[in-house]
Amino acid sequence: MMEYFAVAGGSPLAGRVAVHGAKNSALPILAATLLADGESVLHNCPALTDCDAALEILSCLGCRVRREGDTVTVNTACRRGHAVPDHLMGRMRASVLFLGALLAREGAAEACWPGGCALGARPIDLHIQAFQALGAQGRSWNGQLFFHAPGGLSGCRIALPIPSVGATENAMLAACGARGLTILDNPAREPEIVDLQNFLRCLGARVSGAGTGRIVVEGGRPLHPGEYTVMADRIVAATYLCAVACAGGEGELLGTDGACLGPVLAALTAAGCTLDRGPGRLAIRRGGELRGFGALRTGPYPGFPTDAQPLLGAVAAGARGQSRITETIFDRRFRYTEGLAAMGAAVQVEGDTACFSGRPLHGAWVEAADLRGGAALTLAALGARGESVIGGLPHIDRGYQGLEKALAALGGHIRRVTGPA
Ligand code: EPZ
């Protein structure tokens, strides 16, 4: 048997929903718990399959982990070993983030070579270059990656050729275990990097500059466990906003004010939505016609977030008029447009650009091919006339804590059902 979303689309939304903690912040922070011996406590840690995988890695490394609601406790006192299990490396590419923390604590790290995924190649050459710059020796043999630093890690200057989020996080984690200063130039500036810095500071690390063009880590200091609250997930917030844009009506999000969603809010305003922001709340309304929003182009933060690109694709598909989306980060992030086309969307993908001539959509049976693409199909179904069925929920459950419950709280007619494979 398989699980599906059954959606009855075409009715405007009205409701309120809290935005859960950020997957892309919780994952590096869970890896960072390895940097200190003892019990760290994370609040607002979302119950997602990717976070489950991170907790499984910590357990495989001898840590005692416990979840009570959205509070996770990690006790690293009995930590042992330095290998990320192959099956978890394959299940979640973000497992690569454990390599930096293991190198910092153990002076060694081992994992199978991560494969590509639905978004494209997903190389880790910049992660490896950062480890080598810090003094780690790396070699690849029989599909396995081995790193070790017999003489320990030493702080240095690292200039990233592209502001890779994962490479920035891995360099920060490894640098915490390197003697002296590490200067990281051209790092990623995403809010999740700032969240990681705040957690590292909570452990007693000396890290500064996250969110700017230069991060400085004074490593080699003994760290202690800490307690921290993970930031709200800005892409989940964008998902809920786009649900109201697609279906019409109004909705209120709690736990975020949209401060780090500027480009997304601008696109939704251009599409005919009105937004109202306040402390810890963000409301959206779309009473009139959904309009094409012209052109948008993804880019590293503070540019338009690539993870929200499929969500605005769902908006563009059902809007009257033209919209054009250019994806500059990943080379296979338009697969969701096949599902939109099954719903009647007029969309043309040429290379890194998708052109939409929006029109009313109808329900269809579609399949998620990746996390955000699956969310996009779900949003489009809410705005489409008639019934839709969405398969591929394991992709969606990686990054959304009960997406169907959240969209139902906003007034959507959606439920999770079980059916034949
Ligand atoms: C993180 O992935 C996020 N994942 C992604 O979110 C997000 O889309 C991405 O950053 C961009 O914002 C997590 O944080 C767990 P990158 P990451 O390294 O770190 C190239 C989601 O939906 N690159 O910033 O893997 C790479 O190919 C996921 O939640 C190299 O060339 O992204 C890409 O073109 C999807 N060499 C670009 O950099 C490297 O060593 C940006 O990738 C690393 C990356």
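Please read all numbers here as calculations on a predicted model, not as lab measurements.

K.L.:
Help me out: how do you make sense of the overall build of the protein chain in this one?
P.N.:
For the protein chain, the count of helices and strands is 14 helices and 24 strands. In terms of overall dimensions, the protein chain is globule-like: its C-alpha atoms have a radius of gyration of 21 Å, near the 22 Å expected for 421 residues. Residue burial in the protein chain is summarised as follows: out of 421 residues, 57% are buried. For the protein chain, contacts bridging at least 24 residues in sequence account for 72% of all contacts bridging at least 6. Accessible area for the protein chain stands at about 15600 Å²; split by element, carbon and sulfur atoms hold 52% of it.

K.L.:
Is there a simple way to explain the environment of glutamate 106 in this structure?
P.N.:
Among the structural elements, glutamate 106 can be located in helix α4 (residues 97-106). The sequence separation of glutamate 106 and leucine 35 amounts to 71 residues, and the corresponding C-alpha distance is 9.5 Å. Not counting residues within four places of it along the chain, the set of residues in contact with glutamate 106 comprises Arg79, Gly81 and His82.

K.L.:
Explain helix α10 (residues 309-318) here, please?
P.N.:
In an α-helix, one full turn covers 3.6 residues, which means residues spaced three or four apart are oriented alike. Extensive coverage of α10 is indicated by the burial of 9 of its 10 residues. Taken as a whole, α10 has its buried residues at Gln309, Pro310, Leu311, Leu312, Gly313, Ala314, Val315, Ala316 and Ala317.

K.L.:
Help me understand the packing of aromatic side chains in this model?
P.N.:
The geometry of an aromatic ring pair comes down to the distance between the two centres and the angle between the two planes. In total, this model carries 4 aromatic pairs according to the counting rule given. Judged by centre distance (5.4 Å) and plane angle (70°), the ring pair of tyrosine 4 and tryptophan 365 falls under edge-to-face. Highlighted residues: tyrosine 4 in strand β1 (residues 2-9) and tryptophan 365 in strand β22 (residues 365-367), separated in sequence by 361 residues. Ring geometry for phenylalanine 131 versus phenylalanine 147: centroids 5.2 Å apart, planes at 75°, classification edge-to-face. Of this pair, phenylalanine 131 sits in helix α5 (residues 125-133) while phenylalanine 147 sits in strand β8 (residues 144-148); the two residues are 16 residues apart in sequence, bridging distant segments of the chain. In terms of burial, phenylalanine 131 and phenylalanine 147 fall into one category: buried.

K.L.:
Got a minute to help me understand the side chain of arginine 234 in this structure?
P.N.:
Considering the arrangement of structural elements, one finds arginine 234 in helix α8 (residues 234-247). Setting aside anything within four residues of it in sequence, one finds arginine 234 in contact with Glu190, Pro191, Glu192, Cys260, Leu261, Tyr301 and Pro305.

K.L.:
How should the site of the ligand be read in this particular structure?
P.N.:
Residues in contact with the ligand amount to 21 residues; listed here are only the nearest, Asp125, Ser164, Val165, Asp307 and Ile329. Between an oxygen atom of the ligand and a side-chain N or O atom of serine 164, the distance comes to 2.7 Å. About the coverage of the ligand: the protein hides 84% of its 830 Å² of free accessible area. Only α1 (23-32), α5, α6 (165-175) and α12 (371-383) provide two or more residues apiece to the shell around the ligand. Per-element accounting of the shell around the ligand gives the leading share, 3 residues, to α5. Here the shell around the ligand is composed, by residue class, of 10 nonpolar, 5 polar and 6 charged.

Cut-off values and rules
- Residues numbered from 1 in each chain as written.
- Predicted model: local features only at pLDDT ≥ 70, side-chain atom pairs only at ≥ 80, totals over all residues.
- Heavy atoms only, no water.
- Helix = DSSP H or I, 4+ residues; strand = E, 2+ residues; numbered from the N terminus.
- Rg over C-alpha atoms; globule rule 2.2 N^0.38 Å.
- Buried < 20%, exposed > 50% of the residue type's maximum accessible area, 1.4 Å probe, protein only.
- Contact = heavy atoms within 4.5 Å.
- Areas by Shrake-Rupley, 256 points an atom, 1.4 Å probe, with all protein chains shown as cover.
- Phe/Tyr/Trp six-rings, centres within 6.5 Å; stacked < 30°, edge-to-face > 60°.
- Near = heavy atom within 4 Å.
- Polar contact = N/O pair within 3.5 Å; in protein donor to acceptor, adjacent residues only side chain to side chain.
- Nonpolar A, V, L, I, M, F, W, Y, C, P; charged D, E, K, R; others polar.

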